[in-house]
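Each chain, letter by letter, is given below.
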Amino acid sequence: MANYHKLEAKTIQELRDIANKFRIHSVSSTQASNSGHPTSCSSIAEILSVLFFHTMRYKISEPRDASSDRFVLSKGHAAPILYAAWAEAGLFPVADLQNLRKLGSDLEGHPTPRLNFIDVGTGSLGQGLAIADGMAYVGKKLRQSQLQSFISYQSYLRRGVYCLIGDGESAEGSIWESIHFAGHYKLDNLCAIFDINRLGQSEPTSLQHNVDIYQKRLEAFGWNAIVVDGHSVEELVKAFHVAGTTKDKPTALIAKTFKGKNFPKIEDLENWHGKPLGDHAEKVIQHLRGLIKNQGPLQIHPQKPLKDDAPVVDISNIKLESPPAYKLGEKVATRAAYGTALAKIAENNPRVIALDGDMKNSTYSEKLKKVDPNRFIECFIAEQNLVGVAIGAACRDRTVAFVSTFATFFTRAFDQIRMGAISQTNVNFCGSHCGVSIGEDGPSQMGLEDLAMFRAIPGSTVFYPGDAVSCERAVELAANTKGICFIRTNRPATAVIYANDHVFQVGKAEIVKKSNKDQVLVIGAGVTLHEALTAANELAKAGINIRVLDPFTVKPIDKEAIIKNAKEVGGKIITVEDHYPQGGLGEAVLSAVAEERNIIVKKMAIPTVPRSGPPSVLLDHFGISSKHIVDAVHEILKL
């Protein structure tokens, strides 16, 4: 085996000793918290020992250094042993491990980026590999496209992304989406380690220790799959060397392990998942101490030298390369304006990337490909992996990621999106084809829950641009906004109503029609904003004036502007939205005025599951067209 040097017996024993120290810490810390997963930690002790004290390159002083290797613990319930690895490496005092799961401690039950050595939150199983895919893709593909030196690129490949996956979570379909992605893009800087410890939470896993089946499945997806004894330091070191030297395919280590390894009367037994060892703990710790040959301080160095060759990246102050260039009244779909803006900010900053789920010619994200095809990541029809790859790509502020597909398809990746918030990610999402206004494709394609979903995400910003100009500016603002951003775009072309130099702000509404005699405030967004303007013109013919407000962002909603304008028109508000009544624009407005006296709100939304039909017919049939807004104004004036 090229360049492989067999370990000395002393080093092998040191790595074994470290593994058993990890086990002791996992037992004692879960005892202190009276909760946790010590047996799930024990099965991966040698894997983490070899990774952290032999294979990986990283800086203890800067755990998230851009030039370092990445490690993702997909089976996040094994967090205590990951904490133990960093403590033994010297990042923080070993004594701090006793604060596991305690209020005020960042050593939580599952890892989150509150800790400076954690990139992403894990624990909702089946997500870590997609994130590792995103890290590896950016590390290889984007890095390759921006390097002039082939020699430098070859040096870079010797570092990698490591993801540890439990055998129970490998039943998740999202894992296999991610396996397909990595194989398709030949991510040879990615190494997945499957902890095949046979036991799930409530019973044995479906494949138990049939490691050959895992190997054949992974090979069928284009992986270099290696079966190893997961408790053999020698086999693990050799396998990681193979992973680091394999070209044009990712590597998977299929590690046969035992849950509760080296725990007498507990190893490989059921009904020990997620439990501290209780009365068994002291005897187990005594046994583990007896296995350690070197009882003193660690002699082995916890990291290899790091080559600081990651490029300096600046993702601040991203701008449109050129301002919007539309004519007032010109009809442009906001989904098309989204693609235009995406290309413009990509021209301005080389770290803007786009990801899509085979909808790029409908979402118009494909426009970025004309700027730089290497910065467009096709994730195919696998939305859970699509979101996870984006989260991984955005880690350590290496990219500004924009993810797009039909708005309704994000619902199947809601878990990944909510975990993205826990991971403090700055990913931007664009959902096109929202509401009944998409027309004949019918309800399966209509995003009618998306506003509610993204509004529920903590720290999120939800844009709902009303025309092409505001959509371009929404993209620009999202690129510079922390946290998860969602931009809702429409399929139908709508008139441009804003001047190209109009200034937009997050959380600031726009009044698009106003007079001194207004009697009702109508709030619409997207297509319903234009329906409201049409209704205003019709009502004016009958001598009734209404004020029309464009919220621009549904979250944060401009509470001050809504209350101020509502009071100026006599306290009557109508909201109209191409969305179900629950959780959308109407409820955002209701929350804004909830503590105000003498304001009433009438909500107009899609009341039931819709059906196919022409867009204008559907808007009318489901009660959100201009005609229905006119009727609603007459009704609310009677109150």
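Think of each chain on its own: its residues are numbered from 1, step by step along the sequence as written. Two thresholds apply to this predicted model, a pLDDT of at least 70 for residue-level local features and 80 or more for giving and counting side-chain atom pairs, whereas whole-chain, interface and lining totals are computed over all residues. The side-chain values count all of the structure's non-hydrogen atoms but skip hydrogen atoms and water molecules.

The chain is annotated in an unreviewed UniProt entry as transketolase of Ignelater luminosus. UniProt positions are given in the numbering used here, feature names are shortened, and annotations may be inferred rather than shown by experiment. Its UniProt record gives the chain a comment under Sequence similarities (unreviewed entry), which states: "Belongs to the transketolase family."

### Digging into the pattern of salt bridges
By definition, a salt bridge exists where a carboxyl oxygen of Asp or Glu is found within 4 Å of a side-chain nitrogen of Lys or Arg. Summed over the entire model, instances satisfying the criterion amount to 27 salt bridges. Between Arg-396 and Asp-119 there is a salt bridge, and its shortest N-O distance comes to 2.8 Å. One end of the pair, Arg-396, is in the loop between helix 13 (383–394) and strand 9 (400–406); the other, Asp-119, is in the loop between helix 4 (79–89) and helix 5 (128–146), with 277 residues separating them in the sequence. What makes Asp-119 buried here is its relative accessible area of 9%. One salt bridge connects Asp-450 with Arg-488, and the closest N-O pair in it is separated by 2.6 Å. Taken together, the positions of Asp-450 in helix 15 (residues 450–455) and Arg-488 in strand 12 (residues 485–488) put the pair 38 residues apart, joining distant regions of the chain. The class for Asp-450 is buried, based on a relative accessible area of 1%. Each of Lys-59, Glu-62, Asp-65 and Asp-308 takes part in salt bridges that share partners, so that together they form one network. For helices the rule is a DSSP run of H or I covering at least 4 residues; for strands it is a run of E covering at least 2, with both sets numbered from the N terminus onward. When accessible area is computed with a 1.4 Å probe and restricted to protein chains, residues below 20% of their type maximum are described as buried, those above 50% as exposed, and intermediate ones as partly exposed.

### Concerning the side chain of Thr-528
Residue placement: Thr-528 occurs in helix 17 (residues 527–541). Since its relative accessible area comes to 0%, Thr-528 is described here as buried. Within 3.5 Å is the distance limit for a polar contact, defined as a pair of N or O atoms, with the added protein rule that one can donate a hydrogen and the other accept it, and that residues adjacent in sequence qualify only through two side-chain atoms. Within the local environment of Thr-528, its side chain forms a polar contact with the backbone oxygen of Val-576, the two atoms lying 2.8 Å apart. With sequence-adjacent residues up to four places away left out, Thr-528 is seen in contact with Val-576, Glu-577, Asp-578, Ile-624 and Ile-629. We call two residues contacting when some pair of their heavy atoms lies within 4.5 Å.

### Considering the packing of aromatic side chains
Note on aromatic contacts: the rings of Phe and Tyr and the six-membered ring of Trp form a pair at centre separations within 6.5 Å, being stacked when their planes are under 30 degrees apart, edge-to-face when over 60 apart, and tilted otherwise. Following the criterion strictly, the structure yields 22 aromatic pairs and no others. Look at Phe-429 and Phe-454: their rings are 5.6 Å apart centre to centre, the planes differ by 45°, and that puts the pair in the tilted class. A residue pair is termed long-range when its members are at least 10 positions apart, and Phe-429 in strand 10 (residues 428–432) and Phe-454 in helix 15 qualify at 25 residues. Accessibility expressed as a relative area gives 2% for Phe-429, which makes it buried. Here Phe-454 falls in the buried class, since its relative accessible area comes to 0%. Aromatic pair Phe-504 and Phe-552: ring centres 4.9 Å apart, planes at 35°, arrangement tilted. A residue pair is termed long-range when its members are at least 10 positions apart, and Phe-504 in the loop between strand 13 (493–495) and strand 14 (510–513) and Phe-552 in the loop between strand 16 (545–550) and strand 17 (553–555) qualify at 48 residues. For Phe-552, a relative accessible area of 0% puts it in the buried group. An aromatic cluster is built from Phe-52, Tyr-58, Phe-71, Tyr-83, Trp-86, Phe-92 and Phe-117, whose rings are joined through pairwise contacts.

### A closer look at the packing of helix 1 (residues 9–33) against helix 10 (residues 281–291)
Where helix 1 meets helix 10, the closest approach of the two axes is 9 Å, and the angle between their N-to-C directions is 165°. By the angle between their directions, the pair helix 1 and helix 10 is classed as roughly antiparallel. Like other packed secondary-structure pairs, helix 1 and helix 10 cross with a definite hand, here left-handed. Counted together, Gln-13, Asp-17, Asn-20, Arg-23, Ile-24, Val-27, Ser-28 and Gln-31 of helix 1 and Ala-281, Val-284, Ile-285, Leu-288, Arg-289 and Leu-291 of helix 10 form the full contact between these two elements. Ten residue types, Ala, Val, Leu, Ile, Met, Phe, Trp, Tyr, Cys and Pro, are classed as nonpolar, four, Asp, Glu, Lys and Arg, as charged, and the remainder, Gly among them, as polar. Along the lines of polarity and charge, the residues of the contact of helix 1 with helix 10 split into 7 nonpolar, 4 polar and 3 charged. All axes are obtained by fitting lines to C-alpha atoms, using only the stretch in contact for helices, and the reported angles, taken between N-to-C directions, cover 0 to 180 degrees. We call two directions roughly parallel when the angle between them is under 35 degrees, roughly antiparallel when it is over 145, roughly perpendicular when it lies between 65 and 115, and oblique otherwise. When the near helix sits turned anticlockwise from the far one by under a right angle, the crossing is termed left-handed; a clockwise turn instead gives a right-handed crossing.

### Focus: helix 11 (residues 334–348)
It helps to recall that an α-helix has 3.6 residues per turn; residues three or four apart then point in one direction. An expected span of 1.5 Å times one less than the residue number is assigned to each helix. An ideal rise of 1.5 Å per residue puts 21 Å on 15 residues; helix 11 measures up with 21 Å between its terminal C-alpha atoms. Those residues of helix 11 that are buried lie in contact with strand 6 (331–333), strand 7 (352–356), helix 12 (360–363), strand 9, strand 10 and helix 16 (468–479).

### A look at the pairing of strand 15 (residues 518–524)
The side chains of a regular strand alternate between the sheet's two faces. Burial of strand 15 is extensive: 6 of the 7 residues sit out of reach of the surface. Pairing geometry for strand 15 and strand 16, over 5 bridges, is parallel. Directly across from Leu-521, in strand 16, lies its bridge partner Arg-547. The parallel pair strand 15 and strand 16, bridged by helix 17, forms a crossover whose chirality is right-handed. Following DSSP output, two strands are said to pair if at least two bridges run between them. Note on handedness: a clockwise path from strand one over the helix to strand two, with the strands aimed away from the viewer, defines a right-handed crossover.

### What about the sheet that holds strand 19 (residues 600–604)?
If you trace the 5 strands from one edge of the open sheet to the other, you get 14-16-15-18-19, paired in mixed fashion. Because the sheet does not close on itself, it has two edges, and the strands there are strand 14 and strand 19. For this sheet the average axis-to-axis angle between neighbouring strands, irrespective of direction, equals 30°. With 5 bridges joining them, strand 18 (residues 572–576) and strand 19 adopt parallel strand pairing. Opposite Ile-574, over in strand 19, you have Lys-602 as the bridge partner. Running at roughly 165° to strand 16, helix 17 makes contact with strand 14, strand 15, strand 16 and strand 18 of the sheet.

### Regarding the nonpolar core
Counting residues in each nonpolar core, the largest one holds 80 residues, and the members touching the most others are Leu-129, Leu-355 and Phe-429. At 8 residues, helix 5 tops the list of elements feeding residues into this core. For Leu-355, the contacting residues outside a window of four places in its chain are Ile-377, Cys-379, Leu-386, Val-389, Ala-390, Ala-401, Phe-402, Val-403 and Ser-404. What is meant by a nonpolar core is a set of buried Ala, Val, Leu, Ile, Met, Phe, Trp, Tyr and Cys residues, joined one to another through side-chain atoms within 4.5 Å. Among the nonpolar cores identified, the runner-up in size contains 53 residues, and Leu-48, Trp-86, Val-233 and Ile-300 belong to it.

### A look at the packing of helix 3 (residues 45–55) against helix 4
Packing of helix 3 against helix 4 leaves a shortest axis separation of 10 Å and a crossing angle of 35°. Crossing angle aside, the handedness with which helix 3 passes helix 4 is right-handed. In contact with Ala-45, Leu-48, Phe-52 and Phe-53 of helix 3, helix 4 contributes Ile-81, Leu-82, Ala-85, Trp-86, Glu-88 and Ala-89. Of the residues contributing to the contact of helix 3 with helix 4, the split by class is 9 nonpolar, no polar and 1 charged.

### As for unusual backbone geometry
Cis geometry marks the peptide bond from Lys-555 to Pro-556, where omega comes out at -5°. In this fold, Pro-556 is placed in the loop between strand 17 and helix 18 (559–568). A positive phi angle, near 55°, is found at Asn-34, a position not held by glycine. Mapped onto the secondary structure, Asn-34 falls in the loop between helix 1 and helix 2 (38–42).

### Let's talk about the UniProt feature "domain: Transketolase-like pyrimidine-binding" (unreviewed entry) in the chain
Under the UniProt annotation, the feature "domain: Transketolase-like pyrimidine-binding" (unreviewed entry) is placed at residues 332–496. Annotated as 35% helix and 19% strand, the span residues 332–496 places its first and last C-alpha atoms 7 Å apart.

### Some remarks on helix 19 (residues 585–592)
Every buried residue of helix 19 is accounted for by Leu-585, Gly-586, Ala-588, Val-589 and Ala-592. All buried residues of helix 19 lie within an arc of 160° about the axis, which places them on one face of the element. Here the arc refers to the directions that run from the helix axis out to each C-beta atom.

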